[in-house]
Amino acid sequence: MHPIAAASGLEVAETGQIVVDRTMRSVSCPDVYAAGDCAYAIGENGRPLPMSCASAGYTNMRATAAIVARLTGNEVPTTGLKYHGNHISLGRREAIFQMVDGDVRSKSWHLGGRTAAGLKSGVLKGVGWGIAHPTFGMPKRKRRLATAPDRAGVRVSA
């Protein structure tokens, strides 16, 4: 990992990833959120999530939900951080999808070939949709921004 997080004073793991709490908020700087490969997030099994697009999706959704909830004065949702499997593309027509158990050990079952490549294609289309709709899930008129506490804990108008 790039040393920029450590150089900025954030607490980082041995991997250089930013250490985050269950809402993807930096444990050393509550104004910073991290998701994806730069986040050192502990999964439901008590181990760090592996660096992968699957982990990135979960951590991104969790960080977004936490930020929206905090900006709108709502309760921060609690959802699980589970890692279900590895998906490896082997060109456009071949792929492998390997399920894992709770300890992130490969299960004997896997999906391969064109079926797995089709699954991967569907995932990528979903990611493309998410990129094309960057404001999906953001506060709308029905979710007004809440007043935020200043550093002394006193509420100030937003």
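Thresholds, definitions, all that
- Residues numbered from 1 in each chain as written.
- Predicted model: local features only at pLDDT ≥ 70, side-chain atom pairs only at ≥ 80, totals over all residues.
- Heavy atoms only, no water.
- Helix = DSSP H or I, 4+ residues; strand = E, 2+ residues; numbered from the N terminus.
- Buried < 20%, exposed > 50% of the residue type's maximum accessible area, 1.4 Å probe, protein only.
- Contact = heavy atoms within 4.5 Å.
- Areas by Shrake-Rupley, 256 points an atom, 1.4 Å probe, with all protein chains shown as cover.
- Salt bridge = Lys/Arg side-chain N within 4 Å of Asp/Glu carboxyl O.
- Expected span 1.5 Å × (residues − 1).
- 1 Å grid on protein atoms, 1.4 Å probe; cavity = no way out; pocket = protein on both sides within 12 Å on 5 of 7 lines; lining within 4 Å.
- Points joined across faces, edges and corners; volume = space filled by probe spheres on them.
- Nonpolar A, V, L, I, M, F, W, Y, C, P; charged D, E, K, R; others polar.

A. The arrangement of the overall build of the protein chain in detail. Counting its regular elements, the protein chain contains three helices and seven strands. Expressed as a percentage of the 158 residues in the protein chain, the buried residues total 25%. For the protein chain, the proportion of contacts with a sequence separation of at least 24, taken over those separated by at least 6, is 33%. Carbon and sulfur atoms make up 58% of the accessible area of the protein chain, which amounts to about 10500 Å² in all.

B. Highlighting the pattern of salt bridges. What the rule picks out here adds up to one salt bridge. Between E44 and R22 there is a salt bridge whose closest N-O contact spans 2.6 Å. Here R22 lies in the loop between β1 (18-19) and β2 (39-40) and E44 lies in the loop between β2 and α2 (53-72), a separation of 22 residues in the sequence. Take R22: its relative accessible area is 41%, and that puts it in the partly exposed class.

C. Spotlight on α2. Across its 20 residues, α2 extends 28 Å between first and last C-alpha, which sits within 8% of the 28 Å expected from 1.5 Å per residue. Within α2, the full set of buried residues consists of S55, T59, R62, A63, A66, V68, A69 and T72. G73, located one to two residues past α2, shows a positive phi value of around 75°.

D. Inspection of unusual backbone geometry at higher detail. Residues other than glycine seldom take positive phi values, yet M24 does so here, at roughly 70°. Mapped onto the secondary structure, M24 falls in the loop between β1 and β2.

E. Representation of the layout of surface pockets. Within this model, the largest pocket holds a volume of roughly 850 Å³. Lining of the largest pocket is provided by 28 residues; of these, C53, G57, Y58, M61 and V127 occupy positions nearest its centre. Residue assignment for the lining of the largest pocket shows that the elements contributing at least two residues are α2, β3 (85-89) and α3 (113-132). For the lining of the largest pocket, the leading source of residues is α2, giving nine residues. In the lining of the largest pocket, the residues fall into 16 nonpolar, 11 polar and one charged.

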